[in-house]
Amino acid sequence: MKKTILIAFAAVIMAACASQPETELGWVKVEGNKFVDPQGEELVFRGLCFSDPVKLVSEGQWTERHFAEAADWGANIVRFAVHPSNLNSMGWEETFAAMDQGIEWAKKYNMYVIMDWHSIGNLKEEKYTSPMYNTTKAETFKFWRTVAQRYKDEPTVALYELFNEPTVTGGTGNCTWEEWKAIQEQIIDTVRAYNPAAICLCAGFNWAYDLTPVATAPIDRPNVAYVSHPYPQKRDQPWEEQWEKDFGYVADTYPVICTEVGFCLENERGAHVPVISTPVYGEHITKYFEDYSKLASDDASPLWNRSFQSTYAPGSTMKPAIALASLEEGAINQTSSVYCGKDYVV
């Protein structure tokens, strides 16, 4: 199982650091359940989620040192969380001009960019959890058309996070997975009309935590990956088995990237459901991803489901049945071996 994690901290950068030698970033692709670079080498994204670019501009924090510090922490990707209300407040051209500059800084420090349409709620019924997330389907499609056209020749903008946190609770109306799946596929088609190389990140309900519907009804488009936001209060401890059922299993087949991860102590500023926890959560979520990363890198591919994901001759399916029957009849024992060539003449 391949877990690709983007650790999301909204950090206020206070110190500059030396720049790294700039290299040309190429287009990222999806191959199986991995992100790969232009040379076909696997990419594991580790990065930071920046606050809204408009907010950082207004606070004087949208500067090169913000990106330099992220690189110094070891990030190879950063996330631009674009709130619809802020985009309209500052103006589309002014906001995109600021993001153009941010992309240049990201390139200077060899970091990719996730473009995130940062709304929370139900896009189908256009009902949201706060006015700052208010948008429309028309505006959402306009945003992604603008992004795809503007950055169609810019591989640094590697991942398009279509909708930050879909949810159908708390008065946001109704939407089935099939309906939400269809909306995401329509957005993907809009993006691909201008930028066929774009990787689109798709989220599930429960504030982008729940990916269980993907088991039976995955997004029917190529070159996509899935998002989860596994905050600590989404599930009670022990977490690992529940994470596996809720989103982790998807990484057997598709790339999964957690674009928001983190916690606050109960008495800390900003503490709210579902992020309240202790450092124990941080240890568990980090180990969860690291353990599966090691398995995914094993040359023996222990996480590869050979029964369903590999191609074998039809006769292979009969071997376990014949072996069991032979054991029952005493024709073989547990240490017996039989040579199996590529064919058998009867």
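Structure first, text after, so check above.
Only a predicted model underlies this, so the values are computations on that prediction, with no experimental measurement involved.

## A closer look at the packing of aromatic side chains
With the rule as written, the count across this model stands at 25 aromatic pairs. Summarising the aromatic geometry, the rings of phenylalanine 67 and phenylalanine 80 are spaced 6.1 Å apart at their centres and angled 85° between planes, so their arrangement reads as edge-to-face. One end of the pair, phenylalanine 67, is in helix α2 (residues 64-72); the other, phenylalanine 80, is in strand β6 (residues 77-82), and 13 residues separate them in sequence. Across this residue pair, the class does not change: phenylalanine 67 and phenylalanine 80 are buried. Here tryptophan 117 and phenylalanine 143 contribute two aromatic rings whose centre-to-centre distance is 4.3 Å and whose plane-to-plane angle is 25°, an arrangement assigned as stacked. Linking tryptophan 117 in strand β7 (residues 112-117) with phenylalanine 143 in helix α5 (residues 137-150), this pair joins segments that are 26 residues apart in sequence. The two residues tryptophan 117 and phenylalanine 143 agree in class, both being buried.

## Side note on the sheet that holds strand β11 (residues 165-166)
Reading across the sheet, the three strands line up as β9-β8-β11 and stay open at both edges, with mixed pairing between neighbours. Two strands in the sheet have a free side with no partner beyond their single neighbour: β9 (127-128) and β11. As paired strands, strand β8 (residues 120-122) and β11 are joined by two bridges and run parallel to one another. Of the residues in β11, the one forming a bridge with isoleucine 120 is glutamate 165.

## What to know about the sheet that holds strand β4 (residues 42-43)
Ordered in space as β2-β3-β4, the three strands form an open sheet in which the pairing is antiparallel. Either end of the sheet is taken by a strand with one partner, and the two such strands are β2 (29-31) and β4. Pairing of β2 with strand β3 (residues 34-36) involves three bridges; the strand directions are antiparallel. Each bridged residue has a counterpart across the sheet, and for valine 30 the counterpart in β3 is phenylalanine 35.

## Considerations on the pattern of salt bridges
Counted by the stated rule, this structure contains 19 salt bridges. Here arginine 235 makes a salt bridge to aspartate 246, at a shortest N to O gap of 2.8 Å. Of the two residues, arginine 235 sits in the loop between β13 (224-227) and α8 (240-246) while aspartate 246 sits in helix α8, which places them eleven residues apart along the sequence. On the accessibility criterion, arginine 235 (28% relative accessible area) is partly exposed. Here lysine 245 makes a salt bridge to glutamate 241, at a shortest N to O gap of 3.5 Å. Here lysine 245 pairs with glutamate 241, and both are found in helix α8, just four residues apart, close to one helical turn. By relative accessible area, glutamate 241 is classed as exposed at 56%. One network of salt bridges, with partners in common, ties together Arg79, Asp116, Glu161 and Glu260.

## Regarding the nonpolar core
Formed by 69 residues in total, the largest nonpolar core has its most connected members in Phe67, Phe80, Met115, Phe143, Trp144 and Tyr160. Sequence-distant contacts of phenylalanine 80, that is, excluding residues within four places in its chain, are made with Phe50, Pro53, Trp62, Phe67, Met99, Gly102, Ile103, Val113, Ile114, Met115 and Asp116.

## Topic: the pairing of β13
Along β13, one buried face is formed by Val224 and Tyr226 and the opposite face, lined by Ala225 and Val227, is buried too. Here strand β12 (residues 199-203) runs beside β13; their pairing, made up of four bridges, is parallel. The partner of leucine 201 across the bridge, within β13, is alanine 225. Where β13 lies against strand β14 (residues 256-258), two bridges are found, and the strand directions are parallel.

Scoring rules and cut-offs
Residues numbered from 1 in each chain as written. Predicted model: local features only at pLDDT ≥ 70, side-chain atom pairs only at ≥ 80, totals over all residues. Heavy atoms only, no water. Phe/Tyr/Trp six-rings, centres within 6.5 Å; stacked < 30°, edge-to-face > 60°. Helix = DSSP H or I, 4+ residues; strand = E, 2+ residues; numbered from the N terminus. Buried < 20%, exposed > 50% of the residue type's maximum accessible area, 1.4 Å probe, protein only. Pairing = 2+ DSSP bridges. Salt bridge = Lys/Arg side-chain N within 4 Å of Asp/Glu carboxyl O. Core = buried A, V, L, I, M, F, W, Y, C linked by side-chain atoms within 4.5 Å. Contact = heavy atoms within 4.5 Å.

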